[in-house]
Each structure stands twice: as structure tokens, then as C-alpha cells.
Amino acid sequence: MTLHTFHCPTRLHLGRDARHRVPDLLRGRTLIVCTPGQWARLQADAEPWWPREAAVFAEVTPNPDLDALDVAADALRGQGIEGVLAIGGGSAMDAGKALAAMLGTGGSLHRWFRAGEPIPEAGWLPVVAVATTAGTGSEVTPFATIWDTARMRKRSLSGPAAFPAEAVVDPVLMASMPPAVTRSTGLDALNQALESVWSREATPWTEALAARAVALAMEALPQVLERPHDLGARHRMAEASVLAGVCIAQTRTALCHAISYPLTLHFGTPHGLACAFSMQAVWSACAGADDGRLSRLARATGHGSVEAFGSALAELLERCGLSEALAESLPQDHAAVLALVGEMHAPGRSDNLMVPVTEAVLAEVVKRSLALS
Ligand SMILES: [Fe+2]
């Protein structure tokens, strides 16, 4: 008998118009954290569901920067902020978590990540995370990715305190997502579900949830790309994303994410595309050593065999335009990508795969991915 743990303390509100519950979830003086574009959309909303009297940090950037967040926290200290309302995709939620940690504990990112001070495990402000994209799952995970661009490092703020208190997932907020964001975030959701399946930490529970996430994402992702205002399809994609988030909260991500971070740092490749880049090659690498989990996933998602699932995955990525999107966000020179293989060994991720990842395996996966892209 194997001992499993499963921890998800975040209360989830998923469904059409869930955003209108937000006022009942907030306690005390609130800080809204979002991008400038999101802030403009909030102000134009005919039916406001966010607190008008809140403090606002509406300067979140696509890959939240360590120094910029430290400056923001310093400016916000002493304002009596008691909770964070993060609204947006992964960047807004990760920035919200970082600000909740700093404002709640008095610490700072440079002290934790550059001076090596321990990150407090308690005392963070409560976060209400409102997802406007279907992909990152950050609304239900204990992770926040912060980019130390000055030192070309990706940092991870993680631990139980990083779980949002409340997650609000409303497909209505996702209907206006631009196609490129829908594609990238949707691929992240699908990839995260698969990463949990081939993780060393997979359990029967995460396998079951991931199977539902994969089935939903494979059905709904082409639909939301073809019919952006189809709220039923947006709902299915949102559910896939949350389920995948719950799975990686237990298992962590694996090789595709390890490969993605240098691509995003060096070439600015959007996160979901950078993760999807190696998805087929990693599936193939695991298929050769399947201990039964890939077969179970293939059957549970109606594909019959590991080979049939691999073909369906390739077809789906083609239909979603992955190759074209990667052509625009990766260098044409394959040598520039291969030069990063050494940086793609990320402890806790590249070695969190069901098969051992040697330097040779990693290089082969990257070469195969380049050939497919
Ligand atoms: Fe991800």
C-alpha cells in the first residue's frame, strides 16, 4: 500500500457569473493586482463586481519581475492592506501572491532570493484569485513564478501559504481573451495535466483528475479557438485548467516546464507555447517506458492506445496552430535553442519525470521537438 497526500485548501467558485461572488469573499482593505489592460477592462465593466475603494496595483507585466515587485511592495507598505484580489492570468496571480507574501510578512523578494533569507511559511495576506485565462491554474496552486531578469533566473515562490484562499473562475471573463492568449494558456493547461500524469509524484487521484482535464482540454481547446464566445466551450476549458492546476499542486510540473523556462527567459516565448514545444517528444520518451499510466490515460480519454493518443495529440497541436505560433516566438537557428540544454536541467522539474532524464535524453527531446516544430 502506498501512502498518498492530497492538499488543496483553496475554495473554488467555478461557473458562469461566479465573479459576482467576489464582494462576499473580501475582508478588510483590499489591494487589486492586475495588468494595465485588465484595469481598463474592469473600469469599463457595466456591472462592477470589484471594490471601488480598493488600493490598486495595475502594473503587472507578462513575466513578473523581481525588482519591479519589490519596488511595488515598498510603495504599498503602511496602507493597511489586509488582503489581495488578483485578477488576470498567471502573471497577475503570481504577482498577487508575491505582494501578499511581502506585505503580510514585511519581507522582500531580494532578501529571500538573493540574500538567501528563509521565505516565511505563514503570515501571508489572503489572496482571492480571479482567473481571466484558462491555463495557468495558479488560482489553485501553491506556486508563484517570479522572473529575476537582472540575473536571468526564474525563481519560484512556493509553499502552502501560496495557495489562494479563494479561486473565482468565471468563463464570462474568458470570452474576450485574444486568440493568441487562448492558444498559449490552453496549451499550458493541457500540458500541466500531462505533466502531472508523467510526474514521479503522480497518484491515482491526480491521474483521475488529469484524465478529465486532458479530455476536456482536447475537446474544448479547438472549440474556443474557433468560437471564442462559446461560453460552454470556455467553461469546459476553464474546468480543464482548474483540474490541471489541482493536479500540479500535488505533483509539481516536470520536464516540459523545465525546458520552457530558458526559452521564455532568452527568447520571450509565451509560457504555454514554451511548454507545448516539447509535449509530443516527452510523451514519446515516456511511452517507451510506460508503467501503465499512459495506457490508462489513453483509454480514459477515448483513444484506445498510447500510440493512438500520441497521434491525437499531434493532430490537436496542428489544429491549434502550435508550429506557426512557435515559428514566431523561437529563433529560426536551432543551435541557439540547443545551446540552452544545460539550463534546462531544473532540479525538482526535469528530474520529476517517470523516466530518468540524462543530458543525452534531454538533448534528444529538444532535438525531436525542434524537428517537430
Ligand atoms: Fe505552466
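Note that the coordinates shown come from a computational prediction; the quantities given were computed from them, not determined experimentally.

**Observations concerning the domain arrangement of the chain**
Part 1 of the reasoning: Domain annotation of the chain identifies domain 1 (1–36 + 54–69 + 82–111 + 137–145 + 157–169) and domain 2 (173–372).
Part 2 of the reasoning: Computed over C-alpha atoms, the centres of domain 1 and domain 2 are 23 Å apart.
Part 3 of the reasoning: On the side of domain 2, 20 residues touch domain 1, which itself brings 17 residues to the contact.
Part 4 of the reasoning: Grouping the amino acids of the side of domain 1 that touches domain 2 by side-chain chemistry returns 7 nonpolar, 7 polar and 3 charged.

**Topic: the pairing of strand 8 (residues 166–169)**
Part 1 of the reasoning: Here strand 8 shows no split at all, with Glu166 and Val168 on one side and Ala167 and Val169 on the other all buried.
Part 2 of the reasoning: Sheet topology places strand 1 (residues 11–14) next to strand 8; 4 bridges connect them, and they run parallel. Opposite Leu12, over in strand 8, you have Ala167 as the bridge partner.
Part 3 of the reasoning: Two elements, strand 5 (residues 127–131) and strand 8, share 4 bridges in a ladder whose sense is parallel. Along strand 8, the bridge assignment pairs Val128 with Glu166.

**Considering the packing of helix 12 (residues 293–300) against helix 13 (residues 306–319)**
Part 1 of the reasoning: The interhelical angle for the contact between helix 12 and helix 13, taken along N-to-C directions, is 65°, at an axis separation of 8 Å. When you trace helix 12 past helix 13, the crossing you get is left-handed. Where helix 12 abuts helix 13, its residues Leu294, Ser295, Leu297 and Ala298 lie against Val306, Ala308 and Phe309.

**Section: the environment of Leu99**
Part 1 of the reasoning: If you trace the backbone, Leu99 turns up in helix 4 (residues 90–105).
Part 2 of the reasoning: Counting along the chain gives 30 residues from Leu99 to Leu69, while the straight-line C-alpha distance between them is 7.2 Å.
Part 3 of the reasoning: Those residues in contact with Leu99, other than ones at most four positions away along the chain, are Leu31, Val33, Phe57, Leu69, Ala72, Ala73, Leu76 and Val84.

**Considerations on helix 8 (residues 231–251)**
Part 1 of the reasoning: Taking 1.5 Å of rise per residue, 21 residues should cover 30 Å, and helix 8 covers 30 Å from first to last C-alpha, within 8% of that figure.
Part 2 of the reasoning: Counting buried positions over the 21 residues of helix 8 gives 19, a clear majority of the element.
Part 3 of the reasoning: Immediately downstream of helix 8, the backbone of Arg252 shows phi near 65°, a positive value.

Parameters and conventions
- The numbering scheme is per chain: residues are counted from 1 as the chain's sequence reads.
- It should be noted that, the model being predicted, local features are given only for residues of pLDDT at least 70 and side-chain atom pairs only at 80 or more, the latter also being counted only at that level, while totals for whole chains, interfaces and linings use all residues.
- In this document the domain limits rely on a domain assignment from an automatic tool or a database.
- Contact between two residues is assigned when their C-beta atoms, built from the backbone, lie within 7 Å.
- Three residue categories are used. Nonpolar comprises Ala, Val, Leu, Ile, Met, Phe, Trp, Tyr, Cys and Pro, charged comprises Asp, Glu, Lys and Arg, and polar comprises the others, including Gly.
- Three exposure classes are used, all based on how many other C-beta atoms lie within 10 Å of a residue's own C-beta (placed from the backbone): buried at 20 or more, exposed at 12 or fewer, and partly exposed between those limits.
- Put simply, DSSP H or I for four residues or longer makes a helix, DSSP E for two residues or longer makes a strand, and each gets a number counted from the N terminus.
- We treat two strands as partners when DSSP finds at least two bridges between them.
- Here, axes are lines fitted to C-alpha atoms. For helices the fit covers the stretch in contact, and angles between N-to-C directions go from 0 to 180 degrees.
- Each crossing gets its handedness from the near helix: less than a right angle anticlockwise from the far helix is left-handed, clockwise is right-handed.
- Residue count minus one, scaled by 1.5 Å, sets the expected span of a helix.

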